[in-house]
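# Observations on chain architecture
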Amino acid sequence: MQTGGIRLIVCATVAAAATGLLTPVTPAHAGQTVQRSARPATAHRAAPTVSARAAYLVDTGTGTVHFSKQAARRMPVASLTKIMTAYVVLREAGLNDTVTVNAGDVRHAATNDATSAALRAGERLTVRELLYGAMLPSGADATHALARVYGPGERRFVAKMNAAARSLGLSGTRYGNSDGLPEPSPGYSTAQDQARLAEAALADPVLRTIAATRRYVVRKSKVHRAHVWTNTNKLLGKEPGALGVKTGYTRAAGYCLSFAVDRDGRRMIGVVLGDSSAERRFRTAGRLLKWADDQMAGEGDSREDV
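Keep in mind the model is a prediction, meaning the values are calculated, not measured.

## Here's the deal with the nonpolar core
Residues Met 84, Leu 119, Val 127, Leu 131, Trp 229 and Leu 273 are the most contacted members of the largest nonpolar core, which totals 62 residues. Val 50, Leu 57, Val 272 and Leu 288 belong to the second-largest nonpolar core, a separate cluster that totals 19 residues.

The structure is reproduced here in structure tokens:
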């Protein structure tokens, strides 16, 4: 009787296992509740579709490239150029140094139909204030004033920018001016180089603070008017952990964006170049970040299209 009973139990167990009714339990799991993902396993997702001419997204902590499209292609980068301008100024100037805006600075922005910080000739502002004016509203007048003083002059300042690019290993970058405007020459860079520049810029606590500021107020004083500057980067306040960094646009460059986020203990830096839509560059950045998040969660592989 006992032998027959054992045979019956064994047969029932084998049958149940074959139909999947039993889940084997190893000693390590004995007495524990096994957590299973609520999301069923799926095939690897395709990388996001990016219509911009170039795009790049990297995890700076691990060096993992989550997305790359034409990342080494040289092209104009418009006002992303001002990231390098700010980077150089911070190595040449004291934040409390005072710069007097002149008529040439104001005229430079006006005659080139460029974005401005609404500065007026004769105003005296600190380097810190002018950096906010250059980075947030992308003021070509503020950039021109800084390059004029800390070159001194545009030509010498651009030489310093290119020297800094070489020191950072930006082999695909050559600056032609301090603001990325078409004249006299916008120069060129790559999405990969601009991501590397953003990483270096964000390592500077002053520049990191400026890039992440959504709104900056300069109160009226005896030496300047009041100014209110709003950051053109729409990821701030929308994308968790967003740090800025800079927007840009010219007809030749298209709509450009350098962006970064800190979240889940990692820093992601991305660049979008040559988009045909001002708003789409921000949506593209959001999709790329979501793609990276999914990859980190084990839902996909890093894909590169170079």
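## A look at the packing of helix α4 (residues 127–135) against helix α5 (residues 140–150)
α5 packs onto α4 with a crossing angle of 135° between their chain directions and a minimal axis gap of 8 Å. One element, α4, and the other, α5, form an angle in the oblique class. In this structure, α4 contributes Val 127, Leu 130, Leu 131, Gly 133 and Ala 134 to the contact, and α5 contributes Ala 142, Thr 143, Leu 146 and Tyr 150.

## Things to note about the environment of Val 218
Checked against the element boundaries, Val 218 lands in strand β7 (residues 215–218). A residue is classified by how much of its surface remains accessible, and Val 218, at 2% relative accessible area, is buried. Counting along the chain gives 89 residues from Val 218 to Glu 129, while the straight-line C-alpha distance between them is 7.4 Å. Discounting chain neighbours no more than four positions away, the residues touching Val 218 are Leu 125, Glu 129, His 224, Arg 225, Ala 226, His 227 and Trp 229.

## A look at helix α6 (residues 154–167)
Over its 14 residues, α6 runs 20 Å from end to end, which matches the ideal 20 Å to within 8%, given 1.5 Å per residue. If you check which residues of α6 are buried, you get Phe 157, Val 158, Met 161, Asn 162, Ala 164 and Ala 165. Down the axis of α6, the sector holding all buried residues measures 155°, keeping them to one side. Across α6 from its buried face, at more than 90 degrees, point the exposed residues Arg 155, Arg 166 and Ser 167. Two residues or fewer after α6 comes Gly 169, characterised by a positive phi angle close to 80°.

## Section: the sheet that holds strand β2 (residues 65–69)
The five strands are arranged β2-β1-β11-β10-β9 in an open sheet whose pairing can be described as antiparallel. Since the sheet does not close on itself, it has two edges, and those belong to β2 and β9 (242–250), each with one partner. The average undirected angle you get between the axes of adjacent strands in this sheet is 5°. Along the sheet, helix α7 (residues 191–202) makes contact with β1 (54–59), β9, β10 (254–263) and β11 (266–275), crossing β11 at roughly 135°.

## Focus: the layout of surface pockets
When its volume is computed, the largest pocket comes out at roughly 420 Å³. Surrounding the largest pocket, 21 residues form its lining, Asp 113, Ala 114, Thr 115, Tyr 249 and Thr 250 being those nearest its centre. The element contributing the most residues to the lining of the largest pocket is β9, with four residues. Looking at the lining of the largest pocket, its residues break down into seven nonpolar, nine polar and five charged.

## Details of the pattern of salt bridges
As enumerated under the stated definition, the model contains ten salt bridges in all. Between Asp 105 and Arg 148 there is a salt bridge; the shortest N-O distance is 2.8 Å. Taken as a pair, Asp 105 in helix α3 (residues 103–111) and Arg 148 in helix α5 lie far apart in primary sequence, 43 residues in all. In this structure Arg 148 comes out as partly exposed when scored by relative accessible area, which is 25%. Salt-bridge contacts for Glu 239 lead to Arg 263; the nearest nitrogen and oxygen are separated by 3.0 Å. Here Arg 263 lies in strand β10 and Glu 239 lies in the loop between β8 (227–230) and β9, a separation of 24 residues in the sequence. There is no split in this pair, since Glu 239 and Arg 263 are both buried. Here the salt bridges do not stand alone but share partners, grouping Glu 239, Arg 263, Arg 266 and Asp 293 into one network.

## Side note on the packing of aromatic side chains
Tallied over the full model, the rule gives three aromatic pairs. Between Tyr 132 and Tyr 216, the aromatic rings sit 3.7 Å apart at their centres with planes inclined by 5°, giving stacked as the arrangement. Note that Tyr 132 is positioned in helix α4 and Tyr 216 in strand β7, a separation of 84 residues in sequence. With a relative accessible area of 7%, Tyr 132 lands in the buried category. Here the aromatic rings of Tyr 249 and Tyr 255 are separated by 4.2 Å at their centres, their planes lie at 25°, and the arrangement is stacked. Feature note: the residues Tyr 132, Tyr 216 and Trp 229 constitute an aromatic cluster, connected by ring pairs.

Parameters and conventions
Residues numbered from 1 in each chain as written. Predicted model: local features only at pLDDT ≥ 70, side-chain atom pairs only at ≥ 80, totals over all residues. Heavy atoms only, no water. Core = buried A, V, L, I, M, F, W, Y, C linked by side-chain atoms within 4.5 Å. Buried < 20%, exposed > 50% of the residue type's maximum accessible area, 1.4 Å probe, protein only. Axes fitted to C-alpha atoms, helices over the stretch in contact; angles between N-to-C directions. Helix = DSSP H or I, 4+ residues; strand = E, 2+ residues; numbered from the N terminus. Parallel < 35°, antiparallel > 145°, perpendicular 65-115°, else oblique. Contact = heavy atoms within 4.5 Å. Expected span 1.5 Å × (residues − 1). Arc of directions from axis to C-beta. Pairing = 2+ DSSP bridges. 1 Å grid on protein atoms, 1.4 Å probe; cavity = no way out; pocket = protein on both sides within 12 Å on 5 of 7 lines; lining within 4 Å. Points joined across faces, edges and corners; volume = space filled by probe spheres on them. Nonpolar A, V, L, I, M, F, W, Y, C, P; charged D, E, K, R; others polar. Salt bridge = Lys/Arg side-chain N within 4 Å of Asp/Glu carboxyl O. Phe/Tyr/Trp six-rings, centres within 6.5 Å; stacked < 30°, edge-to-face > 60°.

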